[in-house]
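Working through the structure, step by step
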Amino acid sequence: QRWEATRAPIQGRKGGRRKSRPPRGEMVRSKSEVIIANALAHGNIAYSYEQPLKIDNVTKYPDFTIEDAESGRDFYWEHCGRHAACAKLSSALER
C-alpha cells in the first residue's frame, strides 16, 4: 500500500514505547490495538499505524488510518483504551 515506506519509527510519535506485535509485524502500543490490527488484517482491510496526518499545520498521529480504495477517502481510528482518557477526550470533543 501507499504507506509501507512511511511507517512511523518504533519509538512512535505519541511518546511511550511500542510493545505489542500483531502478526503483520508492526509494533503497536497495547493489546487492544493488536486486536484491532488483527481484525482489520483478517478482514483484508488495508491500514497504516500512526501515520502522520497534518491538519491546519499541526501533525497528529491517529492510531489507524484506513483507506477506502473505492472512494479514495481515508478514515482515522483513534483507539481510546483507558476509561479516564476516554472521558477526557469525550469532554473535549463536546466543547
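Everything below is about the structure printed above this text.
Residues numbered from 1 in each chain as written. Predicted model: local features only at pLDDT ≥ 70, side-chain atom pairs only at ≥ 80, totals over all residues. Heavy atoms only, no water.

**Side note on the overall build of the protein**
Looking only at helices and strands, one finds two helices and five strands in the protein. Starting at the N terminus and ending at the C terminus, the protein contains elements arranged as α-β-β-β-β-β-α. Looking at the protein as a whole, 28% of its 95 residues qualify as buried. When contacts within the protein are restricted to residue pairs at least 6 apart in sequence, long-range pairs at least 24 apart make up 29% of them. (Helix = DSSP H or I, 4+ residues; strand = E, 2+ residues; numbered from the N terminus. Buried < 20%, exposed > 50% of the residue type's maximum accessible area, 1.4 Å probe, protein only. Contact = heavy atoms within 4.5 Å.)

**Thoughts on the sheet that holds strand β1 (residues 47-49)**
Strand order in the open sheet formed by three strands is β1-β4-β5, and the pairing between neighbours is antiparallel. Strand pairing shows two members of the sheet lacking a second neighbour, β1 and β5 (74-77), which therefore form its edges. Taking the axes of each pair of neighbouring strands and ignoring which way they run, one obtains an average angle of 20° across the sheet. For β1 and strand β4 (residues 64-67), the ladder comprises three bridges, and the chain directions are antiparallel. (Pairing = 2+ DSSP bridges. Axes fitted to C-alpha atoms, helices over the stretch in contact; angles between N-to-C directions.)

**Describing the pairing of β5**
Relative to β5, β4 runs antiparallel, the two sharing four bridges. What sits directly across from Thr65, in β5, is Tyr76. Where β4 folds back onto β5 in an antiparallel hairpin, the turn is made up of six residues, including Gly72, whose phi is positive at roughly 80°.

Remember, this is a structural readout, not a statement about activity or role.
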